[in-house]
Amino acid sequence: MESLEDIEAEIRSCKKCNLWKTKTNYVPGEGNPKAEVVFVGEAPGREEDRQGRPFVGNAGKILTEMIEKLGLRREDVFIGNILKCRPPNNRDPLPEEIEACSPYLIRQLDVIKPSIIVCLGRHSASFLFNFFGIEFRGISKERGRVKEVERWGKKVRLIAIYHPAAILYRPQLREMFEEDFAVIAGLLREKKRSPTLLDFFD
Ligand code: SF4
């Protein structure tokens, strides 16, 4: 059985697509190897590329704040991306890059075996919905709707929400973003794994 460290070591020497040439640091993802909740974005941005850590820029601040409002810490969850290297100028991931890099994410999920997977934004949602055999009709239609899939011998909940970067550029989306986190809080309550939840959303 491989570990997150094994996968991370492989990522750190990966040349499976051209993004290794332009990145500063690989960003394998980080967090609890036994996390109940995994957050998946599309790719590292400038600050993430600089630090080699996921969601540490301005969008990361929003995500971290919301994770804390769930009564959790970043160390309690796992945070990663489909791509482990930054696309130049934050352009959208290319299909061949997703094809080359996404097996790392799937292997990470197979190690962690989370109960809840939160897809941050349309690229993440489109890839993960497709992987789990669910039709993806666009982020504005799917956001906040919980999908149930079977994996790792248990029920796994998949939910798509807006990418935190979208909240930065379109503050009018924040209300929906917070509503969707309230749905995640409800899932956590159901699991009864976070007993201190969640006066913020009540
Ligand atoms: S983006 Fe992924 S597949 Fe491409 S070089 Fe980086 S780690 Fe390898």
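The shown structure was predicted, so the numbers you read here are calculated from the model rather than taken from an experiment.

Engineer: Would you mind showing me how to read the pattern of salt bridges here?
Structural biologist: Two side chains carrying opposite charge are able to pair once their charged atoms lie near each other. Inspection of every chain in the model, using the stated rule, returns 20 salt bridges. E65 is the partner of R174 in a salt bridge, and the nearest nitrogen-oxygen pair spans 3.6 Å. One end of the pair, R174, is in helix α9 (residues 174-191); the other, E65, is in helix α4 (residues 58-69), with 109 residues separating them in the sequence. Ionic pairing is found between E190 and R157, a salt bridge with its closest N-O pair at 3.0 Å. Here R157 lies in strand β6 (residues 154-161) and E190 lies in helix α9, a separation of 33 residues in the sequence. What makes E190 exposed here is its relative accessible area of 52%. R157 gets classed as buried once you look at its relative accessible area, which sits at 16%. It is possible to trace a salt-bridge network through shared partners that takes in E65, K69, R174 and E178.

Engineer: For this particular structure, what's the right way to read the packing of aromatic side chains?
Structural biologist: How two aromatic rings sit relative to each other is set out by the distance from centre to centre and by the angle between their planes. If you walk through the whole model with that rule in mind, you get 5 aromatic pairs. The interplanar angle of 15° and the centroid separation of 6.1 Å between the aromatic rings of F39 and F181 together place this pair among those described as stacked. One end of the pair, F39, is in strand β2 (residues 37-41); the other, F181, is in helix α9, and 142 residues separate them in sequence. In terms of burial, F39 and F181 fall into one category: buried. Their ring planes at 75° and their centres at 5.3 Å tell us that F129 and F136 sit as a pair that is edge-to-face. Residue class for F129 comes out buried when judged on its relative accessible area of 0%. By relative accessible area, F136 is classed as partly exposed at 23%. An aromatic cluster is built from F39, F177 and F181, whose rings are joined through pairwise contacts. The aromatic ring of W20 is capped on one face by K15, whose charged end is 4.6 Å from the ring centroid. One Lys or Arg, K23, reaches over the ring of Y26 and ends 4.5 Å from the middle of that ring.

The rules behind each value
- Residue numbers run consecutively from 1 along every chain, following the written order of its sequence.
- For this predicted model, a pLDDT threshold of at least 70 governs which residues receive local features, and a threshold of 80 or more governs which side-chain atom pairs are given and counted, while totals over whole chains, interfaces and linings are taken from all residues.
- Computation of side-chain values: all heavy atoms of the structure, hydrogens and water removed.
- By definition, a salt bridge exists where a carboxyl oxygen of Asp or Glu is found within 4 Å of a side-chain nitrogen of Lys or Arg.
- Secondary structure follows DSSP: runs of H or I at least 4 residues long count as helices, runs of E at least 2 residues long count as strands, and numbering of each begins at the N terminus.
- For each residue, the accessible area found with a 1.4 Å probe, counting protein chains only, is set against the maximum for its type, and the residue is called buried under 20%, exposed over 50%, and partly exposed in between.
- Between 30 and 60 degrees the pair is tilted, below 30 it is stacked and above 60 it is edge-to-face, where a pair is any two Phe, Tyr or Trp rings, Trp via its six-membered ring, whose centres lie within 6.5 Å.
- The rule is short: NZ of Lys or CZ of Arg within 6 Å of the ring centre and within 35 degrees of the ring normal puts a charge over the ring.

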